[in-house]
Amino acid sequence: MAEQIRGIVVMGVAGCGKSSVGAAITALYQGRLIEGDAFHPAANIAKMSAGVPLTDEDRHGWLCRLSEEVAAVIAAGERPVLTCSALRKSYRDLLRQGEPGLAFVFLDLARDLAFERVATRPGHFMPASLIESQYRTLEPPHQEQLTLAVDASLPLEAIVEQAVHWLQETNTTNAA
Ligand SMILES: Nc1ncnc2c1ncn2[C@@H]1O[C@H](COP(=O)(O)OP(=O)(O)OP(=O)(O)O)[C@@H](O)[C@H]1O
Ligand SMILES: O=C(O)[C@H](O)[C@@H](O)[C@H](O)[C@H](O)CO
């Protein structure tokens, strides 16, 4: 039998809409929101704020911490909705190792739109100068299990509707 969805990761580059979409899915899907950015160590935030891209090593401890959070929410009988860039396949595999029933909603956004969103967003640590490196690091999750790619330039309601519809369909199909 195919894997049931036990948790959701909303992923993609800075500015793609992870927090906005994650919050809306959480409300509709009766989940528990885990804001990935809130778990970055101070050193990672300082680096990004200074316009320096994170390395695999910088992200490793953070991803392990997120995996623990996901497991704790599932153990409490709730459904985690994690917002996490999860740019590389190896990052997603690390999260899947902790919980194979993780579904990934990939918010696919063109570079110029991501740049515009990040450049015009007030009060956030992430500089638009890091957008280029986000795309260099990004390995889109094509052909990976339990993954949906959504056009992140659509209105928020349309993105959320597609995601929730897919989550419900997938769980119905995989339960059969
Ligand atoms: N579908 C959308 N259409 C138009 N604007 C959007 C959409 N989704 C999000 N935005 C806007 O784009 C900006 C980035 O959104 P958001 O903070 O949700 O992205 P994010 O991926 O969580 O970013 P980060 O990881 O960099 O914090 C915000 O100003 C938000 O209001
Ligand atoms: O892996 C990364 O490089 C980070 O997680 C970033 O993607 C951000 O924290 C985020 O999007 C902030 O704007």
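Note that the structure is predicted; figures quoted are calculated from it, not measured.

Here we take up the overall build of the protein. Along the protein, the regular secondary structure elements total seven helices and five strands. Each helix (α) and strand (β) of the protein, taken in turn from the N terminus, gives the series β-α-β-α-α-β-α-β-α-α-β-α. Dimensions of the protein, computed from the C-alpha atoms along their principal axes, are close to 50 × 35 × 30 Å. Expressed as a percentage of its 176 residues, the buried residues of the protein come to 34%. Sequence separation of 24 or more characterises 79% of the internal contacts of the protein that already satisfy a separation of 6 or more.

Caution applies to low-pLDDT parts of the model: their predicted coordinates are not meant to be read in detail. Of the residues in the protein, 98% reach a pLDDT of 70 or more, and the chain-wide mean stands at 95. Interface scoring of the predicted complex returns ipTM 0.95; its pTM is 0.96.

Another aspect to go through is the sheet that holds strand 5 (residues 147-151). The strands that make up a sheet are held in pairs by hydrogen bonds between backbone atoms, and each pair lies either parallel or antiparallel. Judged by pairing direction, the sheet is parallel, and its five strands sit side by side in the order 2-3-1-4-5 without closing on themselves. Both edges of this open sheet fall to strand 2 (32-35) and strand 5, since each of them pairs with a single strand only. Within this sheet the neighbouring strands show an average axis-to-axis angle of 20°, counted without direction. One ladder, built from three bridges, connects strand 1 (residues 7-11) with strand 3 (residues 80-83); its direction is parallel. In the sheet register, Val9 faces strand 3, and the bridge partner there is Leu82.

Moving on to the environment of Gln30. In this structure, Gln30 sits in the loop between helix 1 (18-28) and strand 2. Given 10 C-beta atoms within 10 Å, Gln30 falls into the exposed group. Measuring from C-alpha to C-alpha, the distance between Gln30 and Pro80 comes to 9.2 Å, with 50 residues separating the pair along the chain.

Its identity is not glycine, yet Gln30 carries a phi of approximately 50°, on the positive side. Positive phi outside glycine occurs at Ala86, with the angle close to 40°. When you line up the elements, Ala86 lands in the loop between strand 3 and helix 4 (89-98). Look at Ala86 and you get buried, because 28 C-beta atoms sit within 10 Å.

Along helix 4, the positions that sit buried rather than exposed are Tyr91, Arg92 and Leu95. The buried residues of helix 4 occupy an angular sector of 95° when projected down its axis, which confines them to one face. Of the residues in helix 4, the exposed ones pointing more than 90 degrees away from the buried face are Asp93 and Gln97. Against strand 1, helix 3 (56-75) and strand 4 (102-108) lie the buried residues of helix 4.

Grouped together as the largest cluster of nonpolar side chains are 43 residues, with contacts concentrated most on Ile8, Val9, Val10, Phe104, Val105 and Leu107. For this core, the elements supplying multiple residues, two or more each, are strand 1, helix 1, helix 3, strand 3, helix 4, strand 4, helix 5 (111-120) and helix 7 (156-175). When near neighbours in sequence (up to four residues on either side) are disregarded, Ile8 contacts Ile25, Gly31, Val81, Leu82, Ala103, Val105 and Leu167.

Before going further, it helps to examine the environment of Asp56. For Asp56, the position within the fold is in helix 3. Taking the number of C-beta atoms within 10 Å as the measure of exposure, Asp56 has 11 and is therefore exposed. Separated by 32 residues in the primary sequence, Asp56 and Arg88 place their C-alpha atoms 9.2 Å from one another.

What counts and how
- Residues numbered from 1 in each chain as written.
- Chains lettered and ligands numbered in written order.
- Predicted model: local features only at pLDDT ≥ 70, side-chain atom pairs only at ≥ 80, totals over all residues.
- Helix = DSSP H or I, 4+ residues; strand = E, 2+ residues; numbered from the N terminus.
- Buried ≥ 20, exposed ≤ 12 C-beta atoms within 10 Å, placed from the backbone.
- Contact = placed C-beta atoms within 7 Å.
- pLDDT = per-residue confidence, 0-100.
- Pairing = 2+ DSSP bridges.
- Axes fitted to C-alpha atoms, helices over the stretch in contact; angles between N-to-C directions.
- Arc of directions from axis to C-beta.
- Core = buried A, V, L, I, M, F, W, Y, C linked by C-beta atoms within 7 Å.

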